[in-house]
Amino acid sequence: MYEPEIDWSQAPREALWWAIDGDGHAHWFTAPKPFTSFWFTDVAEAPIFGFRGDWKKSLRPRPQEQK
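Computed from a predicted structure; not experimentally measured.

K.L.:
Can you help me understand the pattern of salt bridges in this one?
P.N.:
When the charged atoms of two side chains with opposite charge come close together, those side chains can pair. With the rule as written, the count across this model stands at 1 salt bridge. Salt-bridge contacts for Glu-14 lead to Arg-13; the nearest nitrogen and oxygen are separated by 3.5 Å. Taking relative accessible area as the criterion, Glu-14 reaches 45% and is therefore assigned partly exposed. Note on Arg-13: relative accessible area 74%, which makes it exposed.

K.L.:
Is there a simple way to explain the sheet that holds strand 2 (residues 26-30) in this structure?
P.N.:
Neighbouring strands of a sheet are bound in pairs by backbone hydrogen bonds; such pairs are parallel or else antiparallel. Taken in spatial order, the 4 strands of this open sheet run 3-2-1-4, and their pairing is antiparallel. Edge strands, defined here as strands with exactly one partner in the open sheet, are strand 3 (43-46) and strand 4 (60-61). Relative to strand 3, strand 2 runs antiparallel, the two being bridged by 4 bridges. From the neighbouring strand, His-27 faces strand 3, where its bridge partner is Glu-45.

K.L.:
How do you make sense of the pairing of strand 2 when you look at a structure like this?
P.N.:
On any regular strand, side chains alternate: one points to one face of the sheet, the next to the other face. Strand 2 sits mainly inside the fold: 4 of its 5 residues count as buried. Bridge count between strand 1 (residues 15-20) and strand 2: 5 bridges; the pairing is antiparallel. Residue pairing in the sheet places Ala-19 in a bridge with His-27 of strand 2.

K.L.:
I'm lost on unusual backbone geometry in this one. Help?
P.N.:
Only a minority of non-glycine residues have a phi that is not negative, and only a minority of peptide bonds are not trans. Phi at Phe-49 takes a positive value of approximately 55 degrees, unusual for a residue other than glycine. Examined against the element boundaries, Phe-49 turns out to sit in the loop between strand 3 and strand 4. Owing to a relative accessible area of 17%, Phe-49 belongs among the buried residues under this scheme.

K.L.:
Before we go on, may I ask you to explain the confidence of the model for the protein chain in this structure?
P.N.:
Within the protein chain, residue pLDDT values average 87, and 93% of them lie at 70 or more. At the low end of the mean pLDDT range in the protein chain sits strand 3, at 92; at the high end sits strand 4, at 95.

What counts and what doesn't
Residues numbered from 1 in each chain as written. Predicted model: local features only at pLDDT ≥ 70, side-chain atom pairs only at ≥ 80, totals over all residues. Heavy atoms only, no water. Salt bridge = Lys/Arg side-chain N within 4 Å of Asp/Glu carboxyl O. Buried < 20%, exposed > 50% of the residue type's maximum accessible area, 1.4 Å probe, protein only. Pairing = 2+ DSSP bridges. Helix = DSSP H or I, 4+ residues; strand = E, 2+ residues; numbered from the N terminus. pLDDT = per-residue confidence, 0-100.

Shown next as structure tokens:
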């Protein structure tokens, strides 16, 4: 399977994950919002970065910054 190189420089500052949904659209996801009684995250459109494969296996976390 092809592992895409996610260009995190294109992500919103708050984005913690990149993934593709079942419709084939890629998105950046932020952390869930506090102070609610349900899980809700902000979602922004993202490039696909050449991902090929099962969308259920597309979730990629933002790499931790090197110190």
